[in-house]
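# Residue-level structure breakdown
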Amino acid sequence: MEIEELQPILEAIIYAADDPVGLEQLKEIFPDESYDKIETALRRLAEEFNARLGGMWIREIAGGFRMTTRPEHHEYVRAYLKTKPGAKLSMAALETLAVVAYKQPVTLAEILAIRGKKSTTALHRLLEKRLVVITGRKPVVGRPILYGTSKDFLVHFGLKDLSELPTLEEFAQIAGEIS
Amino acid sequence: MTIHLEGFEGPLDLLLHLIKREELDIWNIPIAHVTEQYLDYLQIMRDLNINVAGEWLVMAATLIYIKSRMLLPPDTVQETGQEEESEDPRKELVYQLLEHQKFKNAAQMLYTREEVENAVWNSPPMDALEDGKEVIAVTLFDLLKAFHEVVKRFEAQSSIGFDQEEVTIEQKLAELRRLLMVHDTLVFSSFFARAPSKQHLIVTFLALLELVRLHEVFLYQKKAFSEIRIMRSKSAGKTA
């Protein structure tokens, strides 16, 4: 199949999919096409689609491609849908999540050391929402549980992968400015 | 009755709050002054019967320790004759504060990203407050201070009460929800008007914290140090 033929099919799949569409999943559907070809088709599709500057765009999230509305139209979309917005995370939960994201794999005791306060409740909430998962146990005395971020975390915050997060050093610069 | 504040800010947050509010130099914290302020807040929390968790006391002890070390003359006469400068006793705390601030900034970044993601597809963001007017989120410490004032005012004007009825949090929650059905926003202090006893005040405060926790209300200020306002969140009320 030519790349030109592949492109509209990929567009249809991404539109219909609930989750970001990954290369592996597409390879299952097109076993005869090479990874390279599928990826080229995907990237070209995203580029052309987004160049149109329409109300939708194709983004790379959590290792896959996803079609969403553009955030700048949210007011009108909201006015039309009249939907309830979803509950957001508390600042305590976000802070705990930031520690997990940057220090993973991390134990509860290490989170406590950084935040200077107990974070059990916040961590449970993050586990409940599946933004944080148990990744193993630390090979030290007591074998404490290690926590890390999940794929849902990437989706929730619209991240391609963890490397897309700004580095902690960038935050250090801002932190220095509070003086 | 004891108030538990797990899930809200901790001692490091209070220190950063004090440093920012008073525009102090983080590299040269006037430790005596900050310690005094910190202990004042602890006292407020005690007065309000808030369960002061261990970490708050550990920080108080740390501050007092640093303060006493600062009073001592620097040990210039080291027996070994090393030309090493004695270390600033505040150094470790400053490092801890900056580290904490880094993660607070990271949390802020996540917050912003979540906001954008909520504006995408069919899950738009939560409540633009009052037509997108800039407002300031209220910290726990602002809240405690405001509540402390409410209690003080109450104690100043009230005479001896008679057999006051006890009220439960459930009753108060139901009452506040009814109130919020009628008003979209309320002023913090008016929330406590007509409370017949201190117990009522505390139960009201607890009920308010519960509403915040359940995301049923938002607390905000139009500008720093102005009245704290309580706004019903748009997503609430439908489940009630």
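Please read all numbers here as calculations on a predicted model, not as lab measurements.

## Some words on the overall build of chain B
Counting secondary structure elements, chain B contains eight helices and four strands. Reading chain B from its N end, one meets helices and strands in the order α-α-α-α-β-α-α-β-α-α-β-β. With 240 residues in all, chain B has 30% of them scored as buried. The long-range fraction of contacts in chain B, counting pairs at least 24 apart against all pairs at least 6 apart in sequence, stands at 71%.

## Here we look at helix α1 (residues 3-16) of chain A
Because an α-helix completes one turn every 3.6 residues, residues spaced three or four positions apart along the sequence face the same direction. Residue and element names in this part refer to chain A. Between its terminal C-alpha atoms α1 stretches 20 Å, which fits the 20 Å expected from 14 residues at 1.5 Å a residue. Burial in α1 covers these residues: Leu6, Leu10 and Ile14. The arc that holds every buried residue of α1, seen down its axis, measures 65 degrees, which confines them to one face. Facing away from the buried surface of α1 by more than 90 degrees, the exposed residues are Glu4, Glu5, Pro8, Ala12, Tyr15 and Ala16. Packing partners of the buried residues in α1 comprise β1 (21-22), α2 (23-29), α3 (35-51), β2 (56-61) and β3 (64-69).

## Description of unusual backbone geometry
All names here are of chain A. The peptide bond linking Gln104 to Pro105 adopts the cis configuration, its omega dihedral lying at -5 degrees. Along the chain, Pro105 turns up in the loop between α5 (91-103) and α6 (108-115). Even without being glycine, Leu53 reaches a positive phi, approximately 55 degrees. The residue Leu53 is located in the loop between α3 and β2 in this model.

## Digging into the nonpolar core
Residue and element names in this part refer to chain B. Counting 41 residues, the largest nonpolar core has Leu15, Leu208 and Val217 as its most contacted members. The leading source of residues in this core is helix α8 (residues 198-213), at nine residues. Lining this core are residues from two domains, each supplying at least three of them: domain 1 (1-75 + 87-125) and domain 2 (129-240). Dropping the residues within four chain positions of it, Val217 is found in contact with Leu180, Leu211, Val212, Ile230, Met231, Arg232 and Ser233.

## With respect to the pairing of β2(A)
All names here are of chain A. The pairing of β2 with β3 spans six bridges and is antiparallel. Across the sheet, Ile61 pairs through a bridge with Gly64, a residue of β3. Linking two consecutive strands that pair antiparallel, namely β2 and β3, is a turn of two residues; a positive phi of about 45 degrees is found at Ala62 within it.

## Things to note about the confidence of the model for chain B
All names here are of chain B. Averaged over all residues, the pLDDT of chain B equals 77, while 78% of them reach at least 70. Counting interchain partners and residues more than four positions distant, the pLDDT-below-50 stretch residues 122-133 has 27 contacts. Residue range residues 236-240 is modelled with pLDDT below 50. Its contacts to residues more than four positions away, or to other chains, number five contacts.

## Points about the sheet that holds β2(A)
Residues and elements named next belong to chain A. Within the open sheet, the three strands sit side by side as β1-β3-β2. Their pairing is antiparallel. Each having just a single partner strand, β1 and β2 make up the two edges of the open sheet. Seen against the sheet, α1 touches β1, β2 and β3 and runs at an angle of roughly 70 degrees to β3. α3 rests against β2 and β3 of the sheet, and its axis sits at about 140 degrees to β2.

About the cut-offs
- Residues numbered from 1 in each chain as written.
- Chains lettered and ligands numbered in written order.
- Predicted model: local features only at pLDDT ≥ 70, side-chain atom pairs only at ≥ 80, totals over all residues.
- Helix = DSSP H or I, 4+ residues; strand = E, 2+ residues; numbered from the N terminus.
- Buried ≥ 20, exposed ≤ 12 C-beta atoms within 10 Å, placed from the backbone.
- Contact = placed C-beta atoms within 7 Å.
- Expected span 1.5 Å × (residues − 1).
- Arc of directions from axis to C-beta.
- Core = buried A, V, L, I, M, F, W, Y, C linked by C-beta atoms within 7 Å.
- Domains from an automatic or database assignment.
- Pairing = 2+ DSSP bridges.
- pLDDT = per-residue confidence, 0-100.
- Axes fitted to C-alpha atoms, helices over the stretch in contact; angles between N-to-C directions.

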